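Residue-level structural notes
Each chain, letter by letter, is given below.
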Amino acid sequence: MKKGLENLYQKISDLTLSEYPDIVEDAQTHHTPSGAPTKLRIYIIDGSYLDIWLSDTGKYSYHWEKRHKNGKLYRHDNAPHPKWSHVKTFPKHYHEGSHDNVQESYMPDDPTQAAIAFLTFIREKLETDNPSK
């Protein structure tokens, strides 16, 4: 599945750069020393970044890292942490602004559609946070 993940990351990267040029500066796939793809990092215009981690078993994480900018993070993932078993959509859950503020997640199961949904969220959040732009 190594090649499959590489192709998927490339597909999402291409889509990101073509459909979100107003908020995305660059996108790069990161690899292990042996060449296996580990994640896609998407650089956002405000200096933050989105890491997309996918596995061939269906695990995922869409993590928007803003702690160095404003102390916040936003992440949809499906790691089955027992701490979040009370969440209605478990194991899917959403970290809203901090690691401990967890809510239901309704991210699409398709990785490309999930990336689109999350990038659209980022675009809207950037517009809300900076209405003059």
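Treat the numbers as computed from the prediction; the structure is a model and nothing was measured.

1. Some points on the pattern of salt bridges
Opposite charge on two side chains permits them to pair, given that their charged atoms come into close proximity. As enumerated under the stated definition, the model contains eight salt bridges in all. As a salt-bridge pair, Asp-22 and Arg-123 come within 2.8 Å of each other at their nearest N and O atoms. One end of the pair, Asp-22, is in the loop between helix H1 (2–19) and strand E1 (24–31); the other, Arg-123, is in helix H3 (residues 111–129), and 101 residues separate them in sequence. Here the salt bridges share partners, and the residues they tie into one network are Lys-39, Arg-41 and Asp-51.

2. Remarks on the pairing of E1
In this structure, E1 lies alongside strand E2 (residues 37–44), joined through seven bridges in antiparallel fashion. The residue bridging Thr-29 from the neighbouring strand is Leu-40, located in E2. The antiparallel hairpin formed by E1 and E2 contains five residues in its connecting segment, where Gly-35 sits at a positive phi of about 100°.

3. Here we look at the environment of Arg-75
Locating Arg-75 in the fold gives a position in strand E5 (residues 72–77). Given the relative accessible area of 14%, Arg-75 is considered buried.

4. Some remarks on the side chain of Asp-51
Of note, Asp-51 is situated in strand E3 (residues 49–54). At 3.3 Å, the side chain of Asp-51 forms a polar contact with the side chain of Lys-39.

5. Examining unusual backbone geometry
For the bond from Phe-90 to Pro-91, the omega torsion is 10°, close enough to zero to count as cis. As for its position among the elements, Pro-91 is in the loop between E5 and strand E6 (93–97).

6. Focus on the nonpolar core
Membership of the largest hydrophobic core comes to 26 residues, with the highest contact counts inside it found for Ile-42, Leu-50, Ile-52, Leu-54, Tyr-62, Phe-118 and Ile-122. Only H1, E1, E2, E3, strand E4 (60–66) and H3 provide two or more residues apiece to this core. For this core, the element with the highest residue contribution is H3, accounting for six residues. With sequence-adjacent residues up to four places away left out, Ile-122 is seen in contact with Ile-23, Ile-44, Leu-50 and Trp-64.

7. Observations concerning the sheet that holds E5
Judged by pairing direction, the sheet is antiparallel, and its seven strands sit side by side in the order E1-E2-E3-E4-E5-E6-E7 without closing on themselves. Strand pairing shows two members of the sheet lacking a second neighbour, E1 and strand E7 (102–103), which therefore form its edges. Here E5 runs beside E6; their pairing, made up of five bridges, is antiparallel. The residue of E6 that forms the bridge with Tyr-74 is Glu-96. Packing of H3 onto the sheet brings it into contact with E1, E2, E3, E4, E5 and E6, and relative to E4 it is tilted by some 20°.

8. A few points about the packing of aromatic side chains
Inspection of every chain in the model, using the stated rule, returns six aromatic pairs. With 5.3 Å between their ring centres and 35° between their planes, Trp-64 and Tyr-74 make a pair best called tilted. Placement of the pair is Trp-64 in strand E4 and Tyr-74 in strand E5, with a sequence separation of 10 residues. Across this residue pair, the class does not change: Trp-64 and Tyr-74 are buried. Geometrically, the ring pair formed by Phe-118 and Phe-121 is stacked, given 5.6 Å between the ring centres and 25° between the ring planes. In this pair, Phe-118 and Phe-121 both sit in helix H3, three residues apart, roughly one turn of the helix.

Reading guide: rules and limits
- Residues numbered from 1 in each chain as written.
- Predicted model: local features only at pLDDT ≥ 70, side-chain atom pairs only at ≥ 80, totals over all residues.
- Heavy atoms only, no water.
- Salt bridge = Lys/Arg side-chain N within 4 Å of Asp/Glu carboxyl O.
- Helix = DSSP H or I, 4+ residues; strand = E, 2+ residues; numbered from the N terminus.
- Pairing = 2+ DSSP bridges.
- Buried < 20%, exposed > 50% of the residue type's maximum accessible area, 1.4 Å probe, protein only.
- Polar contact = N/O pair within 3.5 Å; in protein donor to acceptor, adjacent residues only side chain to side chain.
- Core = buried A, V, L, I, M, F, W, Y, C linked by side-chain atoms within 4.5 Å.
- Contact = heavy atoms within 4.5 Å.
- Axes fitted to C-alpha atoms, helices over the stretch in contact; angles between N-to-C directions.
- Phe/Tyr/Trp six-rings, centres within 6.5 Å; stacked < 30°, edge-to-face > 60°.

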